[in-house]
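# Close look at the chain arrangement
Residues per chain are reported as follows:
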Amino acid sequence: MIPEIGQFALILSLALAVCQTIFPLVGAHRGDAAMMGVGRTAATGQFLFVAIAFACLTYAFLTSDFSVLYVANHSQLALPTLYKVSAVWGAHEGSLLLWILLLAAWTLAVARFSAGLPEAFAARVIGVLGFLSIGFLLFALLTSNPFDRLIPAPADGGDLNPLLQDPGLAIHPPLLYIGYVGFSVAFAFAIAAMISGDLDQKWARWTRPWTTVAWMFLTLGIALGSWWAYYELGWGGWWFWDAVENASFMPWLIGTALIHSLAVTEKRGLFKSWTLLLAITAFSLSLLGTFLVRSGIIVSVHAFATDPTRGFFILTFLAVVVIGALVLYAWRAPSLDSDVGFGLLSRETFLLLNNVLLVVATALVLIGTLAPLVVEMMTGGKISIGPPWFNVAFLVPMLPLIILLGMGMHTAWRTQKADAWWRVLRIPAIVAIVLGVVIPLLFYGRVSLLLVVGCGAAAWIVITSLIQPIRSLRREKGTAGITRSALGMSIAHLGMGLFVIGVTIVSAFGVESDQALQPGESIEVAGFEFHMVGLSNVRGPNFSAIEAEIEIRDDGELVDTVRPQKRQYLVQKSWMTEAGIRAGLDKDLFVALGDQLGQNAWSVRIQYKPLIRFIWLGALVMALGGLIAISDRRYRAGSRETEATA
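Please read all numbers here as calculations on a predicted model, not as lab measurements.

### A closer look at the overall build of the chain
- If you tally the helices and strands in the chain, you get 17 helices and 10 strands.
- Taking 2.2 N^0.38 as the reference for a compact globule, 646 residues should give roughly 26 Å; the C-alpha atoms of the chain span a radius of gyration of 26 Å, in line with that estimate.
- Its C-alpha atoms give the chain principal-axis dimensions of about 80 × 75 × 50 Å.
- For the chain, long-range pairs separated by at least 24 residues make up 72% of all intrachain contacts whose partners lie at least 6 apart in sequence.
- Of the roughly 26500 Å² of accessible surface on the chain, a fraction of 65% belongs to carbon and sulfur atoms.
- Between the centroid of the 42 positive side chains of the chain and the centroid of its 41 negative side chains there is a distance of 13 Å.

As structure tokens, then:
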């Protein structure tokens with residue numbers, strides 16, 4: 001009975017999504033307040049019914065109702081409760097339902113917190129979000145129904161993918177999806193602005209906090225996914241340029257450009273074309289990522305589905321959304337010109353270059369991701385584009401972007417006097433160059449051109465991001481207090497600096513060694529002694545494992561004991577690696593069990609990872625910057641300020 005309630009709730013949600021689309025859009029066109037008000041009511045009802053459907057599916061997992069096909073395929077009796085809950089979104093049908101729930105939640109938030117917006121504009125935003133909900137609800141009901149029955153019900157289920165039986169993967173998809181789906185709000189604001197023709201600075205101010213929240217969650221989701229891959233997959237890397245990793249990274253890059261473009265449109269009324277196209281592109285890339293994950297055209301540990309029918313549906317929906325948005329943009333393009341100008345040395349110039357470089361970086365990632373698929377479709381042959389190509393190609397636009405980032409933060413709007421600008425930046429530039437040489441030489445004993453560039457660039461970002469907050473704290477003469485928006489920008493850029501130093505140091509000084517080891521033996525890696533004390537058999541709730549006890553010593557002194565495991569899950573019979581990690585802010589010591597080589601010998605992968613935690617720390621600091629930025633008083637509900645100072 002519960003699954004039938006869930007399915008009926010989805011059907012009612014679809015009906016309400018149709019009302020949410022038609023009534024507010026027609027009402028905004030006619031100026032009918034009653035019709036526009038229906039949109040908010042329908043959005044609230046749609047959220048409630050989708051939440052009921054999601055609760056029904058969760059209940060089916062918690063009660064191990066194997067008469068539901070989706071539950072039977074992705075759960076089992078011995079699965080821990082945490083993973084029964086996370087199994088709800090652990091495969092295609094449930095993750096799609098999570099997407100729909102989050103889209104309904106974003107829509108409800110817009111309906112609730114848009115009281116300060118013009119009624120017709122808010123109605124159009126809600127109507128566009130309703131149209132997107134129709135697409136995803138039809139996708140679920142027609143091709144991906146999570147409530148399909150299995151009669152007769154089996155005694156036990158097929159188990160959740162062992163890769164997903166991890167606390168990090170219980171949290172990662174919701175965070176990532178909040179970011180993915182959140183870009184639909186920026187898209188809806190852009191479409192509403194183009195429909196109404198109200199393309200002034202106000203719509204950029206209304207859009208900016210919503211975009212920042214989506215970007216913040218996407219940042220956290222990508223970082224958490226990277227951390228999970230590092231400790232769970234047994235290879236010790238943090239980014240592999242996997243097609244599905246790239247599918248989340250591309251919207252992040254465009255979302256970053258969109259946030260900066262919105263700042264210019266809000267402050268100066270410029271870059272309207274850029275801002276609209278970036279809003280369209282950010283959400284379109286989110287839909288493209290959905291297509292890659294769910295179409296079956298790629299093979300990845302992150303991919304959900306292998307049904308081409310689902311891929312065709314998403315591709316068709318993507319085409320409708322993108323073509324419709326671009327036609328609307330072409331209609332409004334003649335009205336997007338601005339008579340406002342800016343000097344060559346100005347913040348606008350640096351933000352324009354920022355946008356160009358981020359778009360180039362996204363295009364390179366997109367080419368590298370899709371080229372193998374296109375070649376295979378057109379010729380039947382196969383090509384491989386892996387990390388070496390991505391690392392070099394991505395570095396080309398990123399190096400100048402990092403340098404320009406520190407310059408642009410301290411450049412005035414409209415025009416900047418060169419002498420005053422140089423006085424602010426010359427000492428940070430000199431210090432950054434010196435640190436670029438000193439950091440690798442002093443702490444790690446060698447230096448090279450790439451190391452100097454990487455460490456110097458990281459130091460440059462960190463130093464320049466701290467100038468304005470420090471001056472504000474010291475209340476230097478002629479320095480105004482810093483706004484939360486500007487403070488958030490500085491902290492986000494600080495996070496980028498921490499990320500760059502982490503990537504640079506771990507790439508240059510990381511050490512990896514694959515060795516055969518048996519109880520009683522020791523090996524030395526990066527100056528540390530790793531001694532295998534012994535092996536033991538352990539059991540978990542739904543797996544058995546071989547666990548190694550490995551002592552780590554530095555100059556004979558015990559540093560830590562780690563216990564890596566090789567697990568076999570009882571239902572799917574698949575082997576999984578659980579690494580043993582001695583974590584620290586300055587370095588990680590990573591140990592993973594590989595294959596058994598003999599009666600007692602095992603292949604062991606040992607890695608020394610200096611400053612790798614700075615990669616994820618930097619992402620957390622970037623997200624914190626976004627959180628601080630959206631707390632700026634001019635973005636609070638009901639604020640009527642029209643002047644932006646970020």
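What follows picks up the thread again.
### Description of the environment of Leu466
- Tracing the chain through its elements places Leu466 in helix α15 (residues 449–474).
- For the pair formed by Leu466 and His493, sequence separation is 27 residues and the distance between their alpha carbons is 9.1 Å.

### Thoughts on the pairing of strand β4 (residues 543–554)
- Direction of pairing for strand β3 (residues 528–539) relative to β4: antiparallel, over a ladder of 10 bridges. Bridged to Glu529 within β4 is Arg553.
- Hairpin connection, β3 to β4: the antiparallel pair is bridged by 3 residues.
- Sheet analysis places β4 next to strand β6 (residues 565–569), joined by 5 bridges and oriented antiparallel.

### Things to note about the domain arrangement of the chain
- Domain annotation for the chain reports domain 1 (1–160), domain 2 (173–336 + 343–405), domain 3 (406–474 + 481–503) and domain 4 (511–613).
- The straight-line distance from the C-alpha centre of domain 2 to that of domain 4 is 38 Å.
- If you look at the interface, domain 2 gives 8 residues, while domain 4 gives 13 residues.
- Taken as a group, Tyr230, Glu232 and Gly234 account for 57% of the area that domain 2 buries against domain 4, more than any other trio of residues on that side.
- Across the domain 2-domain 4 interface, the total number found is 0 salt bridges.
- Inspection of the region where domain 2 meets domain 4 yields 4 residue pairs in polar contact (both at pLDDT 80 or more).
- Taken together, the residues that form the side of domain 2 that touches domain 4 break down as 5 nonpolar, 2 polar and 1 charged.

### Quick word on helix α11 (residues 308–332)
- For α11, which comprises 25 residues, the first-to-last C-alpha distance of 36 Å matches the rise-based estimate of 36 Å (1.5 Å per residue) to within 8%.
- What α11 keeps buried is the set Arg310, Gly311, Ile314, Phe317, Leu318, Val321, Ala325, Leu328, Tyr329 and Arg332.

### Observations regarding a nonpolar patch on the surface
- Taken together, the side chains of Ile430, Val434, Val437, Val438, Leu441, Leu442, Phe443 and Val447 present a nonpolar region at the surface, about 730 Å² in accessible area.
- Its relative accessible area of 52% is what places Ile430 among the exposed residues.

### Details of the pairing of strand β2 (residues 522–525)
- Of the two faces of β2, the one lined by Ile523 and Val525 is fully buried and the one lined by Ser522 and Glu524 carries no buried residue.
- In terms of strand pairing, β2 meets β3 through 4 bridges, oriented antiparallel. The partner of Ser522 across the bridge, within β3, is His531.
- Between the end of β2 and the start of β3, which pair antiparallel, lie 2 residues, with Ala526 showing a positive phi angle near 55°.

### Details of unusual backbone geometry
- Across the junction of Ile151 and Pro152, the peptide omega takes the value -5°, indicating a cis bond.
- For Pro152, the location among the structural elements is in the loop between α6 (119–143) and α7 (167–196).
- In this structure, Asp555 is a non-glycine residue whose phi angle is positive, near 55°.
- Mapped onto the secondary structure, Asp555 falls in the loop between β4 and β5 (557–562).
- Judged by relative accessible area, which is 76%, Asp555 ranks as exposed.

### Some points on the nonpolar core
- If you look at the biggest cluster of nonpolar residues, it comprises 166 residues, and the most contacted ones within it are Phe121, Phe187 and Trp252.
- The biggest single contributor to this core is α7, with 17 residues.
- What Phe187 contacts, discounting residues up to four positions off in sequence, is Val128, Leu132, Ala279, Ile280, Phe283, Val321 and Ala325.
- In this structure, Ile523, Ala548, Leu593 and Tyr608 belong to the second largest nonpolar core, which totals 18 residues.

### What about the packing of helix α5 (residues 92–113) against helix α8 (residues 201–232)?
- Between α5 and α8, whose axes approach to 13 Å, the crossing angle comes to 150°. It follows from the interaxial angle that α5 and α8 lie roughly antiparallel. Two packed elements cross with a definite hand, and for α5 against α8 that hand is right-handed. Residue-level contacts link Trp106, Ala109, Val110 and Phe113 of α5 to Trp210, Val213 and Ala214 of α8.
- By residue class, the composition of the contact of α5 with α8 is 7 nonpolar, no polar and no charged.

### Quick notes on the pattern of salt bridges
- Scanning the entire structure with this criterion turns up 15 salt bridges.
- Across the pair Glu4 and Arg149 runs a salt bridge whose closest N-O atoms are separated by 2.9 Å. Within this pair, whereas Glu4 is found in helix α1 (residues 2–30), its partner Arg149 is found in the loop between α6 and α7, the two being separated by 145 residues in sequence.
- Judged by its relative accessible area of 39%, Glu4 is partly exposed.
- Judged by its relative accessible area of 32%, Arg149 is partly exposed.
- Arg208 is paired through a salt bridge with Glu266; the nearest N and O atoms lie 2.7 Å apart. Taken together, the positions of Arg208 in helix α8 and Glu266 in helix α9 (residues 243–268) put the pair 58 residues apart, joining distant regions of the chain. We note that Arg208, like Glu266, is buried.
- In the salt-bridge network here, residues are joined through shared partners; they are Glu4, Asp65 and Arg149.

### Considering the sheet that holds strand β1 (residues 511–517)
- If you walk across this open sheet you meet the 4 strands as β1-β10-β9-β8, and the pairing is antiparallel. On the outer flanks of this sheet lie β1 and β8 (580–582), each paired with one strand and no other. The average undirected angle you get between the axes of adjacent strands in this sheet is 20°.
- Examined bridge by bridge, strand β9 (residues 587–596) and strand β10 (residues 602–610) share 8 bridges and lie antiparallel to one another. Bridging from a neighbouring strand, Phe590 pairs with Gln607 of β10.
- On top of the sheet, α8 reaches β8, β9 and β10; it is set at about 50° to β9, its chief contact.

### A word on the environment of Ala361
- Following the sequence through the fold, Ala361 ends up in helix α12 (residues 347–379).
- Residue classification places Ala361 among the buried residues on the basis of a relative accessible area of 0%.
- Considered as a pair, Ala361 and Pro397 are 36 residues apart in the sequence and their alpha carbons are 6.0 Å apart.

Rules used throughout
- Residues numbered from 1 in each chain as written.
- Predicted model: local features only at pLDDT ≥ 70, side-chain atom pairs only at ≥ 80, totals over all residues.
- Heavy atoms only, no water.
- Helix = DSSP H or I, 4+ residues; strand = E, 2+ residues; numbered from the N terminus.
- Rg over C-alpha atoms; globule rule 2.2 N^0.38 Å.
- Contact = heavy atoms within 4.5 Å.
- Areas by Shrake-Rupley, 256 points an atom, 1.4 Å probe, with all protein chains shown as cover.
- Lys, Arg positive; Asp, Glu negative; His and termini not counted.
- Charge placed at Lys NZ, Arg CZ, Asp CG, Glu CD.
- Pairing = 2+ DSSP bridges.
- Domains from an automatic or database assignment.
- Buried area = accessible area lost by both parts, 1.4 Å probe.
- Salt bridge = Lys/Arg side-chain N within 4 Å of Asp/Glu carboxyl O.
- Polar contact = N/O pair within 3.5 Å; in protein donor to acceptor, adjacent residues only side chain to side chain.
- Nonpolar A, V, L, I, M, F, W, Y, C, P; charged D, E, K, R; others polar.
- Expected span 1.5 Å × (residues − 1).
- Buried < 20%, exposed > 50% of the residue type's maximum accessible area, 1.4 Å probe, protein only.
- Patch = residues over 30% accessible without salt bridge, like charges linked within 9 Å, V, L, I, M, F, W, Y side chains within 5 Å.
- Core = buried A, V, L, I, M, F, W, Y, C linked by side-chain atoms within 4.5 Å.
- Axes fitted to C-alpha atoms, helices over the stretch in contact; angles between N-to-C directions.
- Parallel < 35°, antiparallel > 145°, perpendicular 65-115°, else oblique.
- Left-handed = near helix turned anticlockwise from the far one by under 90°.

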